[in-house]
Amino acid sequence: MKIFSLQSSQTRQPRPVCGNHNCTANRKISSAGSIFLFLILSLLLSISACGGGGVGGVRIEGPSRLPREVQPGSPVSAAAVNQFPSGVSGGGSLRVISVYTEGGYAYNVNEKLQIGISANYGYDNFFFTGLNFYASRPWSNVHYVGVSPSVLYHLQDKWCLMVVPVLQGAGEPGADFGRALIYGGAVAGVYNFGKDRVIGLGIGALNNVDRASLFPFIMVNWRFNKHWRLATPYRAGPAGPGGLELSYSPIEKLEFGLGVTYLSKRFRLSPANLIDNGIGEYDTVPLIARMSFRILPVVDLNLYGGASLYNYIRLENSRAKKLFHSHQNVAPFVGVGLSLNFEKFTGG
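Residues numbered from 1 in each chain as written. Predicted model: local features only at pLDDT ≥ 70, side-chain atom pairs only at ≥ 80, totals over all residues. Heavy atoms only, no water.

## Examining the overall build of the protein
Scanning the protein for helices and strands turns up 2 helices and 18 strands. Pairs at least 24 apart in sequence give 64% of the contacts found in the protein among residues at least 6 apart. Surface exposure of the protein reaches about 13500 Å², of which carbon and sulfur atoms provide 66%. (Helix = DSSP H or I, 4+ residues; strand = E, 2+ residues; numbered from the N terminus. Contact = heavy atoms within 4.5 Å. Areas by Shrake-Rupley, 256 points an atom, 1.4 Å probe, with all protein chains shown as cover.)

Have a look at this one:
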């Protein structure tokens, strides 16, 4: 079964170096990065509910405002990011244009139980030029499609337990969907220290395109006062969702943020490439500046700028054995996105 019926003429070129690995020794943990970020969306739908003022209310983080009590709600966000060309070790350069979309819905079954669903779609277009690898452009278009249910249970007034299974496909056009799967799940405990002060800790296990991973993670939603907040953002964009962001809101409709995250993308290559059914990886550590403005009652405009401080490229064969790896220089980027909060239409 093909992950996408669309065939790209560029996939016929050889396919050396794309990958996902960590810049530190924690490679086994980092290899699950792309799905960890996907898990965050589902988990945040629940962490916000656990931190709500009442057990019966679902709390979903607004993209650029204080959290709002809703019953129920469904955030949706999308962003486009242009990472400018920068040099690759060994010669050549790489530019990446990305599109991210995220959506989720949470529903209260009763006072203690909440169920939810989240879905995502992502697209990366890799523009390699002048590489001294197996080919001048080892791959180009990569698609990511995923869905994940979630279950939240209130153990006590301050404790919540979350279980989030996940299933995602990541690959080039024409890649075998059955060999492009990322699947597993996560379990987390969330503690509510008070109004808008929530911290969650958990552990996840994944099979990430022929690589097994076990990794811990943390989620934060901590408001210091009406202007400052430290949180794990859920909106689609350069941060994933995921990472950690410090934000400042001088007025109700305007917010500035500065954050950092680790993005790890691992995907199956097309049989049409030189590395038949190989695996590509691309890891980045972006430093992200954000400005968000509420342009409509339910719509936020998000502007992004920053630089990817660390970029790692890796190529594996069809049996997940490393063939080649390289690094890309610091790469600046800009982006724009929209966040929609449909809970406004449901009485939120």
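## Notes on the pattern of salt bridges
For the structure shown, the criterion picks out 11 salt bridges. A salt bridge links Arg266 to Glu281, with the shortest nitrogen-to-oxygen separation between them at 1.8 Å. Note that Arg266 is positioned in strand E14 (residues 263-268) and Glu281 in strand E15 (residues 279-296), a separation of 15 residues in sequence. Judged by relative accessible area, Glu281 falls into the buried class, the value being 0%. A salt bridge links Asp300 to Arg294, with the nearest nitrogen and oxygen atoms 2.5 Å apart. (Salt bridge = Lys/Arg side-chain N within 4 Å of Asp/Glu carboxyl O. Buried < 20%, exposed > 50% of the residue type's maximum accessible area, 1.4 Å probe, protein only.)

## Here's the deal with the environment of Tyr191
Assignment of secondary structure puts Tyr191 in strand E8 (residues 181-194). Sequence separation between Tyr191 and Gln156 is 35 residues; the distance between their C-alpha atoms is 9.6 Å. Once you skip the residues sitting within four places of it in the chain, Tyr191 turns out to touch Lys158, Trp159, Arg197, Val198 and Ile199.

## What to know about the packing of aromatic side chains
Scanning the model with the defined rule gives 12 aromatic pairs in all. Ring centres of Phe126 and Phe128 lie 6.2 Å apart, and the angle between their planes is 15 degrees; on these two criteria the pair is classed as stacked. Side by side, Phe126 and Phe128 carry an identical accessibility label, which is buried. Taking the centre distance of 6.3 Å and the plane angle of 45 degrees together, the rings of Phe215 and Phe217 count as tilted. Phe215 gets classed as buried once you look at its relative accessible area, which sits at 2%. Each member of the aromatic cluster is reached from another via a ring pair, and the members are Phe126, Phe128, Trp139, Tyr144, Phe267 and Tyr282. The ring of Phe127 carries Arg95 above its face, with NZ or CZ at 5.7 Å from the centroid. (Phe/Tyr/Trp six-rings, centres within 6.5 Å; stacked < 30°, edge-to-face > 60°. Lys NZ or Arg CZ within 6 Å of the ring centre and 35° of its normal.)

## Let's talk about the pairing of strand E12 (residues 244-251)
In this structure, strand E11 (residues 228-231) lies alongside E12, joined through 4 bridges in antiparallel fashion. Pairing of Leu230 across the sheet is with Leu246, part of E12. Of the strand pairs in this sheet, E12 and strand E13 (residues 254-260) are connected by 6 bridges, and their pairing is antiparallel. Paired with Glu245 across the two strands is Gly259, which belongs to E13. Counted between consecutive antiparallel strands, the loop separating E12 from E13 contains 2 residues. (Pairing = 2+ DSSP bridges.)

## Regarding the pairing of strand E6 (residues 141-154)
With 13 bridges connecting them, strand E5 (residues 113-129) and E6 associate as antiparallel partners. The partner of Gln114 across the bridge, within E6, is Leu152.

## Quick word on the side chain of Thr284
With respect to the helices and strands, Thr284 occurs in strand E15. Those residues in contact with Thr284 that sit more than four places away from it in its chain are Thr261, Tyr262, Leu263, Ser308, Tyr310 and Asn311.

## A few points about unusual backbone geometry
You will see that Asp210, though not glycine, has its phi angle at about 70 degrees, which is positive. Locating Asp210 in the fold gives a position in the loop between strand E9 (197-208) and strand E10 (212-223). Backbone geometry at Ala320 places phi at a positive 65 degrees, although glycine is not the residue there. Relative to the helices and strands, Ala320 is located in the loop between strand E16 (299-316) and strand E17 (322-328).

## What to know about the confidence of the model for the protein
Looking at the protein, the pLDDT average stands at 78 and 76% of residues meet or exceed 70. This stretch, residues 1-49, has a pLDDT under 50; its non-local contacts, to residues over four places away or in other chains, come to 229 contacts. Contacts from residues 344-348, a stretch scored under 50 in pLDDT, to residues over four places away or in other chains number 9 contacts. (pLDDT = per-residue confidence, 0-100.)

## Details of the environment of Ala231
Looking at where Ala231 falls in the secondary structure, it is placed in strand E11. A relative accessible area of 8% places Ala231 in the buried class. C-alpha of Ala231 to C-alpha of Arg197: the two residues are 34 residues apart in sequence and 9.6 Å apart in space. In this structure Ala231 touches Val220, Asn221, Gly243, Leu244 and Glu245, once residues within four positions along its chain are discounted.

## A few points about the environment of Val151
Mapped onto the elements, Val151 comes out in strand E6. According to the relative accessible area criterion, Val151 is partly exposed, its value standing at 38%. Residues Val151 and Gly116, 35 residues apart in the sequence, show an inter-C-alpha distance of 6.5 Å. Aside from chain neighbours lying at most four places away, what touches Val151 is Leu113, Gln114, Leu161, Met162 and Val163.

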